[in-house]
Amino acid sequence: MILKTLVENTSVSSDYKHKHGMCFYIETGNHKILFDLGKNGLFLKNAKKMGIDITDIDIVIISHGHVDHGGALKLFLKNNHSAKIYIRDNAFDKHYTKFLGFKIDIGIDSGLKYHPQVVLTGQRTVLADGLILFSDIETRKYNSTSNNALFAKVGKDILVDDFLHEQSLIISENEKLILIAGCSHTGIINIKSKAEHIVNDNISYVIAGFHLYNPVSKRTESNALIQKIAERLNNNSTHYYTCHCTGKKAFYKMKEVLSERLTYLSTGSEIEI
Ligand SMILES: [Fe+2]
Ligand SMILES: [Fe+2]
């Protein structure tokens, strides 16, 4: 499997522009996938630079209903008329963050919910051989406190987000199990445990943001929480690639525990698993 980072908060070099958000190009034996799209047209520019033809993409997964992951959906649909877009139905609900008493809209365009290329997913969806989407995370251990500033509109009420609109992907290829998640709002420990329960095996690679940094308040989670998460992730059988909402400060803190088994993915990076 080849993975190229088209959008992330940082870049490998000045050749690539970067932006807060996430978009991965994933090439398996049978599919060309975009996991998230970022907020704007940056994924198109960087795809061109990295030799990716957007019309070749056959699967798009939007991890959750936040603009830095699904804001570019309309642009993608203008450039590709055949790929299926897999997204949780409630990802199109209104989503907000609150900061200093202000409510900021961070949702995605709900007008696209019934677009013919959009497939609304349930709690578990088998996309194809070796590709499973899941979102049924029951436990919320090691929860990032910055989730408390994130809200969803439920009926007429605006409530703290339960993140049931977040989904993650398991890729099973060449006897390797790869977990890909967006911001891990439901907690990377919980998501990884669920994935291992689904496949009844250890996950060999995790590629995800860990949501340890709040980009609005610019606050990093406590050292104690970061340390606990890193210790729980620390085993000899998994390599972690992280980026985006992990934040650089938390990344370096986690690296003290996970050492060479933790790698940062910036815009323009390419890995082969
Ligand atoms: Fe998010
Ligand atoms: Fe995000």
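Residues numbered from 1 in each chain as written. Chains lettered and ligands numbered in written order. Predicted model: local features only at pLDDT ≥ 70, side-chain atom pairs only at ≥ 80, totals over all residues.

**Observations concerning the overall build of the protein chain**
Phase 1 of the analysis: The number of helices and strands found in the protein chain is six helices and 20 strands.
Phase 2 of the analysis: Its C-alpha atoms give the protein chain a radius of gyration of 17 Å, within 12% of the compact-globule value 19 Å for 273 residues.
Phase 3 of the analysis: Here the C-alpha coordinates of the protein chain stretch approximately 50 × 45 × 40 Å along the principal axes.
Phase 4 of the analysis: Within the protein chain, the proportion of its 273 residues that are buried is 45%. (Helix = DSSP H or I, 4+ residues; strand = E, 2+ residues; numbered from the N terminus. Rg over C-alpha atoms; globule rule 2.2 N^0.38 Å. Buried ≥ 20, exposed ≤ 12 C-beta atoms within 10 Å, placed from the backbone.)

**Notes on the environment of H69**
Phase 1 of the analysis: As for its position among the elements, H69 is in helix 2 (residues 67–70).
Phase 2 of the analysis: H69 sits 114 residues away from C183 along the chain, and the two C-alpha atoms are 8.9 Å apart.
Phase 3 of the analysis: Leaving out residues up to four positions away in the same chain, H69 has contacts with G21, M22, D36, I62, S63, H64 and G182. (Contact = placed C-beta atoms within 7 Å.)

**Comments concerning the pairing of strand 1 (residues 2–7)**
A regular strand carries its side chains on alternate faces of the sheet.
Phase 1 of the analysis: Within strand 1, five of the six residues are buried, leaving the element largely enclosed by the surrounding structure.
Phase 2 of the analysis: Note that strand 1 and strand 20 (residues 270–272) share three bridges and pair antiparallel. Bridged to I2 within strand 20 is E272.
Phase 3 of the analysis: Two strands pair when backbone bridges link them, and strand 1 and strand 2 (residues 23–27) are joined in this way by five bridges, in the antiparallel orientation. Looking at strand 2, one finds that I2 is bridged to E27. (Pairing = 2+ DSSP bridges.)

**Section: the nonpolar core**
Phase 1 of the analysis: Judged by nonpolar contacts, the single largest core of 69 residues is most densely connected at F43, V60, I61 and I180.
Phase 2 of the analysis: Setting aside chain neighbours within four positions, we find I180 in contact with F35, S168, L169, I171, I207 and A208. (Core = buried A, V, L, I, M, F, W, Y, C linked by C-beta atoms within 7 Å.)

**Quick look at the pairing of strand 6 (residues 95–99)**
Phase 1 of the analysis: Strand direction decides the pairing type here: strand 6 and strand 11 (residues 150–154), joined by three bridges, are antiparallel. Looking at strand 11, one finds that Y96 is bridged to F151.
Phase 2 of the analysis: Bridge count for strand 6 against strand 7 (residues 102–105) is four bridges, and the pairing is antiparallel. Bridge pairing links F99 to F102 in strand 7.
Phase 3 of the analysis: Turn length for the strand 6-strand 7 hairpin, with the two strands adjacent in sequence and antiparallel, is two residues, and the turn residue L100 shows positive phi of about 50°.

**Side note on helix 6 (residues 248–258)**
Phase 1 of the analysis: Within helix 6, the full set of buried residues consists of A250, F251, K253, M254 and L258. Viewed along the axis of helix 6, the buried residues span an arc of 165°, placing them on a single side of the element. Among the exposed residues of helix 6, those pointing more than 90 degrees away from its buried face are Y252 and E256.
Phase 2 of the analysis: Contacts made by the buried residues of helix 6 are with strand 16 (213–214), strand 17 (219–220), helix 5 (223–233), strand 18 (239–242) and strand 19 (262–264). (Arc of directions from axis to C-beta.)

**Here's the deal with unusual backbone geometry**
Excluding glycine, most residues fall at negative phi; most peptide bonds, likewise, are trans.
Phase 1 of the analysis: If you check the backbone angles, Y142 has positive phi at about 55° while not being a glycine.
Phase 2 of the analysis: Relative to the helices and strands, Y142 resides in the loop between strand 10 (131–134) and strand 11.
Phase 3 of the analysis: Its 18 C-beta neighbours within 10 Å are what place Y142 among the partly exposed residues.
Phase 4 of the analysis: Residues other than glycine seldom take positive phi values, yet S259 does so here, at roughly 50°.
Phase 5 of the analysis: For S259, the position within the fold is in the loop between helix 6 and strand 19.
Phase 6 of the analysis: On the basis of neighbour counts, which here come to 9 C-beta atoms within 10 Å, the residue S259 falls in the exposed class.

**Regarding the sheet that holds strand 7**
Phase 1 of the analysis: Read from one edge to the other, the open sheet built from four strands follows the order 7-6-11-12, with strand pairing classed as antiparallel. Each end of this open sheet is capped by a strand with a single partner; those strands are strand 7 and strand 12 (157–160). Taken over all neighbouring pairs, the strand axes of this sheet differ in orientation by 40° on average, direction set aside. (Axes fitted to C-alpha atoms, helices over the stretch in contact; angles between N-to-C directions.)

**Considerations on helix 1 (residues 42–49)**
In an α-helix, one turn spans 3.6 residues, which is why side chains three or four residues apart end up on the same side.
Phase 1 of the analysis: Those residues of helix 1 not exposed but buried are L42, F43, L44, N46 and A47.
Phase 2 of the analysis: Each element contacted by the buried residues of helix 1 is listed here: strand 1, strand 2 and helix 3 (73–79).
Phase 3 of the analysis: G51 sits one or two positions beyond helix 1 and adopts a positive phi of about 75°.

**Side note on the sheet that holds strand 5 (residues 84–88)**
Phase 1 of the analysis: The strand order across the open sheet formed by seven strands is 8-5-4-3-2-1-20, and the pairing between neighbours is mixed. Sheet topology places strand 8 (118–121) and strand 20 at the edges, where each strand pairs with a single neighbour. Sheet twist, expressed as the mean angle between neighbouring strand axes with direction ignored, is 20°.
Phase 2 of the analysis: Relative to strand 8, strand 5 runs parallel, the two sharing four bridges. Residue pairing for strand 8: Y86 is matched across the bridge by V119.
Phase 3 of the analysis: Packed onto the sheet, helix 1 meets strand 1 and strand 2 and runs at close to 135° relative to strand 1.

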